[in-house]
Amino acid sequence: MPAPVHLDPRLLRGFVTVAEDLHFSRAAARLYVAQQALSRDVRRLERELGAELFVRSTRHVTLTADGERLLPYARRVLQAQDDLLAAFGQARPLLVDLNSPGLVTGRLVLERARGLAPGEELMARYESGLTYAAAELLAGRLDVSFGRFAGLAPALRAGLGHQPVRYEPMAVVLPEDHPLAGLPRVPLAALAGETVYAGAGNARTTEWTDLAHRLFEGRGIEVAAPAPLAVGEEEFQRIMDKTRNPILAVVSFPAMASTVVRPLVDPVPLSPVSLVWRKGLAHPAFDALRRAAAQVAAEEAWLRRPAGGWIPAVDAAVMSVHN
């Protein structure tokens, strides 16, 4: 088959996203397109190139040798397109990871930044945890995220910058018929003997599980064993309904059916949240996002630690030094 005269960059972007996730539905969610449309685009690219790019089965997606060969070329083409648009005042969107839909901190900062830079496009992404997002930042597939910077491995932190945004009070999500659900606030001591879900086994959120281990140490609270990794709010609630474990969360955790969210006290544990980015990031909307984070943090007193608030020493040290 003769080589194609023209390749639509959209087809290449779809291919690269599937190649990175090796999962069509997750790739489609990242691109905000229907899975069927993404599958059609990949098939079209395969026809135009005259090569099979993926081996598909009911349970796995893997790259073929031709797919492996195409991937670095496709990435270079897409980067060149982004650079060209930026050179002529058509910068690509700033990709801002908010971790999960419903969480408040990143969403409020993003909304403020959009007001400060109305001519720029800032697009939300949801990558679940900072550990996973950090690798995406360093690979250039994501620009900015939010989360616990001290929870990242030093090798990851070396390539990233951060700006403290919030000490967010932590909470516990309880089944509405749990004995502690009737309390307006749950003392940490009351969780002794409980097994609490904190994302164990989820490779995207290891920084959160580490924070839970530090908080529960010496208090008689166990971190729940890994549960099946649930993608999407409905699947997460279904799994949690089966286990009925309390869930370690933050006070702004979105409500789920048949559960209550109760702040933790005595002491008040704090989840340290930073704005995190790849060092050397250049984008016209990035400065607006940093200004927005500083403004909202000041207005909401997010960086004022409550008396008796708990935070690991490593986090206190990291949050006191930023870029």
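The following paragraphs examine the structure supplied in this document. (Residues numbered from 1 in each chain as written. Predicted model: local features only at pLDDT ≥ 70, side-chain atom pairs only at ≥ 80, totals over all residues. Heavy atoms only, no water.)

## Looking at the packing of helix 5 (residues 104–116) against helix 10 (residues 286–300)
We apply this condition: For every element, the axis is a line fit to its C-alpha atoms; helices are fit only across the contacting stretch, and the angle between N-to-C directions ranges from 0 to 180 degrees. Only DSSP runs of H or I with at least four residues qualify as helices, and only runs of E with at least two residues qualify as strands; both kinds are numbered from the N terminus onward. Working rule for angles: under 35 degrees goes down as roughly parallel, over 145 as roughly antiparallel, 65 to 115 as roughly perpendicular, anything else as oblique. Here is the rule for handedness: rotate from the far helix to the near one, and if that takes an anticlockwise turn smaller than a right angle the crossing is left-handed, while a clockwise turn gives right-handed. By definition in these notes, contact holds between two residues if any of their heavy atoms fall within 4.5 Å. All amino acids are sorted into three groups, where Ala, Val, Leu, Ile, Met, Phe, Trp, Tyr, Cys and Pro are nonpolar, Asp, Glu, Lys and Arg are charged, and the leftover types, Gly among them, are polar.
Where helix 5 meets helix 10, the axes come as close as 8 Å, and the angle between the chain directions of the two elements is 125°. Taken together, helix 5 and helix 10 sit at an angle that is classed as oblique. As helix 5 packs across helix 10, the resulting crossing turns out to be right-handed. Note on element contacts: helix 10 touches helix 5 through A288, L289, R291, A292, A293, Q295, V296 and E299, opposite L108, V109, L110, R112, A113 and L116. In the contact of helix 5 with helix 10, the residues fall into 10 nonpolar, 1 polar and 3 charged.

## Focus: the pattern of salt bridges
Operational definition: Here, a salt bridge means any Lys or Arg side-chain nitrogen found within 4 Å of an Asp or Glu carboxyl oxygen.
The tally for this structure, following the rule as stated, stands at 18 salt bridges. In this structure, E111 and R107 form a salt bridge, with 3.4 Å as the shortest nitrogen-oxygen distance. You can see E111 and its partner R107 sitting in helix 5, 4 residues apart, about one turn around the helix. R148 serves as the salt-bridge partner of D210, at 2.9 Å between the closest nitrogen and oxygen. Here R148 lies in the loop between strand 5 (144–147) and helix 7 (154–157) and D210 lies in helix 8 (residues 206–216), a separation of 62 residues in the sequence. When salt bridges that share partners are traced, they join E20, R75, E136 and R141 into one network.

## Description of helix 1 (residues 9–21)
Using the following cut-off: Expected helix span is taken as 1.5 Å per residue step, with the number of steps being one fewer than the number of residues. As used in this structure description, the phrase polar contact means that two N or O atoms lie within 3.5 Å; if the pair is within protein, one of them must be able to donate a hydrogen and the other to accept it, and residues adjacent in sequence are counted only when both atoms belong to side chains.
Here helix 1 contains 13 residues, and its C-alpha end-to-end distance of 18 Å stays within 8% of the 18 Å for a straight helix at 1.5 Å per residue. Its side-chain oxygen at 2.9 Å from the backbone nitrogen of R10, D8 defines the N-terminal cap of helix 1.

## A look at the packing of aromatic side chains
For any pair of aromatic rings, the description consists of the separation of the ring centres together with the inter-plane angle of the planes. This is how it is decided: The aromatic pairing rule takes the rings of Phe, Tyr and Trp, using the six-membered ring of Trp, and pairs them if the centres are within 6.5 Å, calling planes under 30 degrees apart stacked, those over 60 edge-to-face and the rest tilted. Under the scheme applied here, a residue whose accessible area is under 20% of the maximum for its type counts as buried, over 50% as exposed, and between as partly exposed, the area being computed with a 1.4 Å probe on protein chains only.
The full count for this structure, using the stated rule, is 3 aromatic pairs. When the ring of F15 is compared with that of F54, the centres are 5.5 Å apart and the planes differ by 50°; the resulting orientation is tilted. Linking F15 in helix 1 with F54 in strand 1 (residues 54–56), this pair joins segments that are 39 residues apart in sequence. When sorted by exposure, F15 lands in the same class as F54, which is buried. A ring pair is formed by F24 and F54, whose centres lie 5.9 Å apart and whose planes are at 70°; its orientation type is edge-to-face. Of this pair, F24 sits in helix 2 (residues 24–31) while F54 is found in strand 1, placing the two residues 30 residues apart along the sequence. Each member of the pair F24 and F54 is classed as buried. Taken together, the ring pairs connect F15, F24 and F54 into an aromatic cluster.

## Thoughts on unusual backbone geometry
Working note: non-glycine residues mostly have negative phi, and peptide bonds are mostly trans. Across the junction of D266 and P267, the peptide omega takes the value -5°, indicating a cis bond. At S258, a residue that is not glycine, the phi angle is positive and equals roughly 65°. The backbone of D266 shows a phi angle near 55°, a positive value even though the residue is not glycine. Mapped onto the secondary structure, D266 falls in the loop between strand 11 (259–265) and strand 12 (268–278). D266 gets classed as exposed once you look at its relative accessible area, which sits at 58%.

## Overview of the packing of helix 1 against helix 3 (residues 35–49)
At a closest axis distance of 9 Å, the pairing of helix 1 and helix 3 adopts a crossing angle of 110°. Comparing the axis directions of helix 1 and helix 3 gives the class roughly perpendicular. Residues R10, L11, L12, G14, F15 and V18 of helix 1 form the contact with helix 3, whose own contacting residues are L38, D41, V42, R44, L45 and E48. Grouping the constituent residues of the contact of helix 1 with helix 3 by class yields 7 nonpolar, 1 polar and 4 charged.

## Some points on helix 6 (residues 130–138)
Counting buried residues in helix 6 gives 7 out of 9 residues, a clear majority hidden from the surface. For helix 6, the set of buried residues is L130, T131, Y132, A133, A134, E136 and L137. A positive backbone phi angle near 80° is found at G140, which sits one or two residues after helix 6.

## Quick notes on the pairing of strand 3 (residues 94–97)
Put simply, the rule is: In this analysis, strands are considered paired if DSSP registers two or more bridges between them. A crossover gets the label right-handed when its path from the first strand over the helix to the second runs clockwise, viewed with the strands pointing away from the viewer.
Burial of the side chains of strand 3 extends over both faces: L94 and V96 are buried on one face and L95 and D97 on the other. In the sheet, strand 3 pairs with strand 4 (residues 122–125) via 4 bridges, with the strands oriented parallel. Note that in strand 4 the partner of L94 across the bridge is L122. Since strand 3 and strand 4 lie parallel, the crossover through helix 5 that links them has a hand, and here it is right-handed.

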